[in-house]
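Examination of the molecular architecture
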2 protein chains.
Amino acid sequence: MEKRLTIITLGVSDLISATDFYESKFGWTKSEAINDNISFFLLNGIYLSLYPKDELAEDATINADGNGFKGFTLAYNTKSKAEVDHFINTLRAKHVNIVKEPQETNWGGYSSYVSDLDDNLWEIAFNPFLELDKEGNIVN
Amino acid sequence: MEKRLTIITLGVSDLISATDFYESKFGWTKSEAINDNISFFLLNGIYLSLYPKDELAEDATINADGNGFKGFTLAYNTKSKAEVDHFINTLRAKHVNIVKEPQETNWGGYSSYVSDLDDNLWEIAFNPFLELDKEGNIVN
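Summarised in this report is the structure supplied together with it.

Description of the pairing of strand β7 (residues 110-115) of chain B
Residue and element names in this part refer to chain B. Across the 6 residues that make up β7, a large majority, 6, are buried. The two faces of β7 match: Tyr110, Ser112 and Val114 on one face and Ser111, Tyr113 and Ser115 on the other face are all buried. Examined bridge by bridge, strand β6 (residues 97-104) and β7 share 5 bridges and lie antiparallel to one another. Residue lysine 100 lies in a different strand from β7, and its bridge partner there is tyrosine 113. With 6 bridges joining them, β7 and strand β8 (residues 121-126) adopt antiparallel strand pairing. Its bridge partner being in β8, serine 112 is matched across the sheet by isoleucine 124. Hairpin geometry of β7 and β8 is characterised by an intervening segment of 5 residues between the two adjacent antiparallel strands and by a positive phi of about 65 degrees at aspartate 119.

Re the relation of the copies chain B and chain A
By a simple turn and slide, chain B fits onto chain A: the slide is 0.0 Å along the axis, the RMSD is 0.0 Å, and the turn is 180 degrees. Accordingly, the operation relating the two chain copies is best matched by a two-fold axis. Every residue of chain B has its C-alpha some distance from the rotation axis, and the shortest such distance is that of lysine 70 of chain B, at 2.3 Å. Same-surface contact between copies: 100% of interface residues of chain B are shared with the interface of chain A.

Brief notes about the side chain of aspartate 118 of chain B
Residue and element names in this part refer to chain B. Turning to its location among the elements, aspartate 118 is positioned in the loop between β7 and β8. Buried within the structure, aspartate 118 lacks any salt-bridge partner; its nearest side chain of opposite charge belongs to lysine 70, at an N-O separation of 5.4 Å. Setting aside its immediate chain neighbours within four residues, aspartate 118 contacts Gly11, Val12, Ser13, Ala18 and Lys70.

Section: the sheet that holds strand β1 (residues 7-12) of chain B
If you trace the 7 strands from one edge of the open sheet to the other, you get β6(A)-β7(A)-β8(A)-β5(A)-β1(B)-β3(B)-β2(B), paired in mixed fashion. Looking at the sheet topology across the chains shown, the edges are occupied by β6 (97-104) of chain A together with β2 (39-42) of chain B. Looking at each pair of strands side by side, their axes are set apart by 20 degrees on average, direction ignored. Relative to β6 of chain A, helix α3 (residues 81-93) of chain A is tilted by about 160 degrees, and along the sheet it contacts β5 (72-77), β6, β7 (110-115) and β8 (121-126) of chain A. Of the strands in this sheet, β1, β2 and β3 (47-52) of chain B are in contact with helix α1 (residues 15-24) of chain B, which crosses β3 of chain B at around 155 degrees.

Quick word on a nonpolar patch on the surface
On the surface, Ile34 of chain A together with Trp107 and Phe129 of chain B cluster together into a nonpolar patch covering about 360 Å² of accessible area. Of the residues examined, isoleucine 34 of chain A reaches a relative accessible area of 70% and is grouped as exposed.

Things to note about the pairing of β1 of chain B
Where burial is concerned, most of β1 of chain B is hidden: 6 out of the 6 residues are buried. Residue alternation in β1 of chain B divides its side chains into two sets, Ile7, Thr9 and Gly11 of chain B and Ile8, Leu10 and Val12 of chain B, and both sets are buried. Judged from the 4 bridges that link them, β5 of chain A and β1 of chain B form a sheet pairing that is antiparallel. By the bridge assignment, leucine 74 of chain A is partnered in β1 of chain B with isoleucine 8 of chain B. Bridge analysis of β1 of chain B against β3 of chain B gives 6 bridges, and the strand direction is parallel. Residue pairing for β3 of chain B: glycine 11 of chain B is matched across the bridge by tyrosine 51 of chain B.

Each value, and the rule that gives it
Residues numbered from 1 in each chain as written. Chains lettered and ligands numbered in written order. Predicted model: local features only at pLDDT ≥ 70, side-chain atom pairs only at ≥ 80, totals over all residues. Heavy atoms only, no water. Buried < 20%, exposed > 50% of the residue type's maximum accessible area, 1.4 Å probe, protein only. Helix = DSSP H or I, 4+ residues; strand = E, 2+ residues; numbered from the N terminus. Pairing = 2+ DSSP bridges. Least-squares fit on C-alpha atoms with pLDDT ≥ 70 in both. Contact = heavy atoms within 4.5 Å. Lys, Arg positive; Asp, Glu negative; His and termini not counted. Salt bridge = Lys/Arg side-chain N within 4 Å of Asp/Glu carboxyl O. Axes fitted to C-alpha atoms, helices over the stretch in contact; angles between N-to-C directions. Patch = residues over 30% accessible without salt bridge, like charges linked within 9 Å, V, L, I, M, F, W, Y side chains within 5 Å. Areas by Shrake-Rupley, 256 points an atom, 1.4 Å probe, with all protein chains shown as cover.

Structure follows, in structure tokens:
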């Protein structure tokens, strides 16, 4: 298998509200989808997909029950500490839940967390050791 | 915020075993990391990161308790149906848990699911409507 992935799908409780969150809070435009039952956001070469949680579990043929920490996080890395503060202040003004205020980390970075409507965690962080190209992809 | 993400971090119960899974089953090589407490796999412009679940929750300042469906899936899209069968047969021979056998979908694709050691779900699928470039990135 090649070292790549294509889609991250988040199972959501309300597709319209979840889609609105990424459009109105993150300011992202969704892609045209084949039907109204799924939302796609084309990020840097991959899709972030939103799909009703029950149907996602059904698609994977597993039980949809689950609660508490989901055991994963997504990270959006900025190009500076100031950008972390700027995004967090912007998201706060839009009433997004700030889970962790921006702060220095023990690995030399500057990090914060916000959550979406389904408690998916997004780390908004600056990592001085990580080089990003113009498209936001990690430079090897 | 730009339409991109940098890192997907999976909280794992045993970092060494989880890292070995992606190395020996998926055949991926990990990147050099700053310390032994985290594993990074550089995929198509993003990192897949493995990190102890408790520490991931602690980093996000949330409770680490959680069980059942995690409410998300990752997808690896192939270039053909035959490639789905090939990967699933290869993973089966390596004793990876096949959650859903390859089968035709109602959206015109061909899909299967496997799980890693922490029950993270990977869909291995062929989507005839999705165009990928040589790096495996989605063509808009």
